[in-house]
Amino acid sequence: MFAEKYFLRNGFSGKITKFPHKNLGIAVVIPCYNEPDILKTLTSLAQCNLSEWYVEVIVLINHSETAPDNVKTQNYLTRQEIDEWIKDYSTERKQFHAVGPIVLKKKWAGAGMARKAGMDEAVARFNVLNKPKGIIASLDADTVVEANYLQEIENYFKTNPSYAGATINFKHQTDNLDEKHLQGILLYENFMDYYKRAMGYTGYPYPMFTVGSAFAVTAGAYVKRGGMNRRQAGEDFYFLQNLVQIGTVGEISSTVVYPSARLSDRVPFGTGPVLQKWMKGEEDLRITYNFYAFEDLKIFFDKLNMLFRITSENYENMLLSLPLPISAFLKEIDFWSELNDLNKNCAVLSSFRLRFFQKFNAFKILKYLNFSHGRYYKKEDLDEQIFLLNAELKGS
C-alpha cells in the first residue's frame, strides 16, 4: 500500500473501522472545534450532485487537553448531533463519518494538527484501496459549498490526472454583516487578489490563494509531501507552498466555496484575526504592500538566468544594478551562500530555474516584503496599488 511507510513514521492508525467502498474517489475533511452550526456545512455537502466517484465526508472533532469545559461539552454535543444527522443523510455513494472528539496535546493543539488528523484519516481510507490518486478535499466547519462542488473536483482531477493538487475558487459569506464588517471582508478579499496577482507579475511561478477551506490534494502527493504540518495557524499557506515543489497545483474556478467571514481570535493570524483587528480599529485594510516593492522583485527575477553559474565578483556587480531594497535584502540574508550552493548542484539552466524558486520561495518573498517596508517603502492605498498593478499587466 502506498502510505504504509508514512503511517509507520507517524505512528498513526485510522479510527474509522468501516471498509471504504471500492469506488471511493473523494474524501472531504472537516476539522471541527466548538462549531454549533456545522450541520449547515454538512447539509450543503449532502445536497451536492455526484458524478462517477463515491464520496466520504470526515468530520474530525477535536479540542486541546486544556480546552475549557464549555468547548468540550459543545464538542460532545456536536458528535451526538452529527451521529443523529448521519442516520438521515448518509448514503452508499456519499457517506459521512464523525471522528472524536479527539484530545490534542496542548503543544500542538490548533488548526494544523486538527487538519492533519483528519487528512491522515482520509489517507488511511485510500490506502486500504491502494488509491494514491484519491482526492482529499480540505474544508472548514463554517463553510458551505455550491451544488457542483464535488462534481467539479472530480472533473478537474480527471482532466489533470498528473496534478498534485488544486486550489478552489472561494468567496466569503456576507449575509447579515454590519457595514464595517462587510467593508472589511471585501477589502480583505481585494487584498488577497492583489497579492496573488502581484506575485504572478513578479515572475514567481506559483502564485496562489492559500485558504484552508478551499483546496484539494491527491492522497499520494499528500504522503510524498510528508502530510499536513502541525502549525497552529497558517498551516494551509505552508502546506500548499511546499506542495508546489513536488507537483503542479492548479486552480478550480468552476465552483465556489463560501467560508465564513466571522470574527475570531482562535488563531494568531488569518481572516478571523485580521477582521477582528479591523473592527477594533487596530488594522487598516485600506492600505497594503507598495506595488513598487513587487516591481523591484520583478527586476531581480528578470535577471534570473544571469545567476546561473555566476561568479562572486559578477554577483557583487549585479547587486549594484538591482534596486536598493532588493540588494539590501539579499545581503541581509546572505543569499550568495544559498545561490552558490544551488549552482554547485545544478548542471543545466532548466534545473537551476526550477530549484531557484525552492530557495526564493513564497516565504522568502513575504520576508522581503516586510523587510523592504520596514526600511524603504511604506504601505499605500489598496485601490491605488491595484490600479498600478492593472496598468502594468495591461501594458505587458
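These remarks concern the structure in this document. These figures come from a predicted structure and were not determined experimentally. Going along each chain's sequence as written, the residues are numbered from 1 onward. This being a predicted model, a pLDDT of at least 70 is required before a residue's local features are given, and a value of 80 or more before pairs of side-chain atoms are given or counted; all residues contribute to the totals for chains, interfaces and linings. Each side-chain value is derived from all of the structure's non-hydrogen atoms; neither hydrogens nor water enter the calculation.

1. Focus on the layout of surface pockets
By volume, the second largest pocket is sized at about 360 Å³. Any residue with an atom within 4 Å of a point lines the site, the site being either a cavity, points on a 1 Å grid over the protein atoms alone where a 1.4 Å probe fits but cannot get out, or a pocket, an open set with protein on both sides within 12 Å along at least 5 of 7 lines. Lining the second largest pocket we find 17 residues, and of these Lys40, Asp142, Gln173, Ser260 and Ala261 sit closest to its centre. Grid points are joined across faces, edges and corners, and a volume is the space filled by probe spheres set on the points.

2. What to know about the pairing of strand β7 (residues 215-218)
Here's how the labels work: a residue is buried when its accessible area is under 20% of the maximum for its type, exposed when over 50%, partly exposed in between, all with a 1.4 Å probe on protein chains only. By the criteria applied, helices consist of DSSP H or I runs no shorter than four residues and strands consist of E runs no shorter than two, each listed in order from the N terminus. Of the two faces of β7, the one carrying Phe215 and Val217 and the one carrying Ala216 and Thr218 are both buried. Strand pairing is assigned whenever DSSP detects at least two bridges linking the two strands. Alignment of strand β4 (residues 135-138) against β7, held across four bridges, turns out to be antiparallel. Bridging across to β7, Ile135 finds its partner in Thr218. Note: strand β6 (residues 165-170) against β7, three bridges, orientation antiparallel. Each residue of the ladder has a partner; that of Thr167, found in β7, is Phe215.

3. So, the pattern of salt bridges
For this analysis, a salt bridge means a side-chain nitrogen from Lys or Arg found within 4 Å of a carboxyl oxygen belonging to Asp or Glu. Going through the model one piece at a time under the given rule, you end up with 17 salt bridges. When the shortest N-O distance is used, the salt bridge between Glu84 and Lys87 registers 2.9 Å. Residue Glu84 and its partner Lys87 are both found in helix α3 (residues 69-89); the two are separated by three residues, about one turn of the helix. On the basis of relative accessible area, Glu84 is assigned to the partly exposed category, the value being 47%. Residue class for Lys87 comes out exposed when judged on its relative accessible area of 62%. One salt-bridge network, in which partners are shared between bridges, spans Glu52, Glu154 and Lys158.

4. Quick look at the packing of aromatic side chains
Side-chain rings of Phe, Tyr and Trp, where Trp is taken by its six-membered ring, are said to pair if the distance between their centres is within 6.5 Å; with planes under 30 degrees apart they count as stacked, over 60 as edge-to-face, and otherwise as tilted. One pass over the full model with this rule turns up 40 aromatic pairs. Judged by centre distance (6.3 Å) and plane angle (75°), the ring pair of Phe329 and Phe360 falls under edge-to-face. Highlighted residues: Phe329 in helix α12 (residues 324-332) and Phe360 in the loop between α14 (349-359) and α15 (362-375), separated in sequence by 31 residues. Using a relative accessible area of 1% as the deciding quantity, one classes Phe329 as buried. Take Phe360: its relative accessible area is 0%, and that puts it in the buried class. Charge over a ring is defined by NZ of Lys or CZ of Arg lying within 6 Å of the ring centre and within 35 degrees of the ring normal. One Lys or Arg, Lys180, reaches over the ring of Trp278 and ends 4.0 Å from the middle of that ring. A cation over an aromatic ring shows up here: Arg231 above the ring of Tyr238, its NZ or CZ 3.5 Å from the ring centre.

5. Some points on the packing of helix α10 (residues 291-302) against α12
Convention adopted: a line fitted to C-alpha atoms gives each axis, helices being fitted over their contacting stretch, and angles between N-to-C directions are expressed from 0 to 180 degrees. Running from amino to carboxyl end, α10 crosses α12 at an angle of 70°, the nearest separation of the two axes being 8 Å. The angle between the axes of α10 and α12 places the two elements in the roughly perpendicular class. Of the residues in α12, those touching α10 at Asp296, Leu297 and Phe300 are Pro325, Ile326 and Leu330. The residue classification treats Ala, Val, Leu, Ile, Met, Phe, Trp, Tyr, Cys and Pro as nonpolar and Asp, Glu, Lys and Arg as charged. All others, Gly included, are polar. Its residues placed into classes, the contact of α10 with α12 shows five nonpolar, no polar and one charged. Any angle that falls under 35 degrees is termed roughly parallel, while one over 145 is termed roughly antiparallel, one within 65 to 115 roughly perpendicular, and all others oblique. It only takes one pair of heavy atoms within 4.5 Å for two residues to be counted as in contact.

6. Observations concerning unusual backbone geometry
Residues Gly100 and Pro101 are joined by a peptide bond in cis, for which omega reads 10°. Structurally, Pro101 can be placed in strand β3 (residues 94-104). The backbone of Asn34 sits at a positive phi, close to 55°, despite the residue not being glycine. By secondary structure assignment, the location of Asn34 is in the loop between β1 (24-32) and α2 (38-46). Despite not being glycine, Asp334 shows a phi value in the positive range, around 50°.

7. Structural notes on the pairing of β6
Taking burial as the measure, the six residues of β6 include five buried ones, the bulk of the element. Two elements, β6 and strand β8 (residues 249-258), share five bridges in a ladder whose sense is parallel. By the bridge assignment, Phe170 is partnered in β8 with Val257.

8. Focus on the sheet that holds β3
Read from one edge of the open sheet, eight strands run β3-β2-β1-β4-β7-β6-β8-β5, paired in mixed fashion. Unpaired on one side and paired on the other, β3 and β5 (144-145) mark the two borders of the sheet. Strands in contact with helix α4 (residues 111-129) are β1, β2 (54-64), β3, β4 and β7; relative to β1, the strand with the most contacts, it is inclined by about 160°.

9. Quick look at the nonpolar core
Among soluble globular proteins, nonpolar side chains are generally buried collectively. Joining through side-chain atoms within 4.5 Å is the link that ties buried Ala, Val, Leu, Ile, Met, Phe, Trp, Tyr and Cys residues into a set, and such a set is a nonpolar core. Counting 128 residues, the largest nonpolar core has Val28, Tyr149 and Phe356 as its most contacted members. Not counting residues within four places of it along the chain, the set of residues in contact with Phe356 comprises Phe300, Phe301, Leu304, Leu307, Phe335 and Leu342.

10. Comments concerning the side chain of Thr78
Structurally, Thr78 can be placed in helix α3. Residues contacting Thr78, with those up to four places away along its chain left out, are Cys32, Glu35, Ile38 and Ile61.

11. Notes on the packing of α12 against α15
It is at 10 Å that the axes of α12 and α15 come closest, and there the two elements cross at 115°. Crossing of α12 over α15 shows right-handed handedness. Together, Pro325, Ile326, Ala328, Phe329 and Glu332 of α12 and Lys364, Lys367, Tyr368, Phe371, Ser372 and Arg375 of α15 make up the contact between the two elements. Classifying every residue of the contact of α12 with α15 by side-chain character gives six nonpolar, one polar and four charged. Whether a crossing is left-handed or right-handed is set by the direction in which the near helix is turned from the far one by less than a right angle, anticlockwise for left-handed and clockwise for right-handed.

12. Brief notes about the side chain of Lys196
Looking at the element boundaries, Lys196 is found in helix α6 (residues 179-202). What makes Lys196 buried here is its relative accessible area of 16%. The term polar contact refers here to a pair of N or O atoms within 3.5 Å; inside protein, the definition further demands a hydrogen-donor-capable atom paired with an acceptor-capable atom, and it admits residues adjacent in sequence only when both atoms are side-chain atoms. Within the local environment of Lys196, its side chain forms a polar contact with the side chain of Glu251, the two groups lying 2.9 Å apart.

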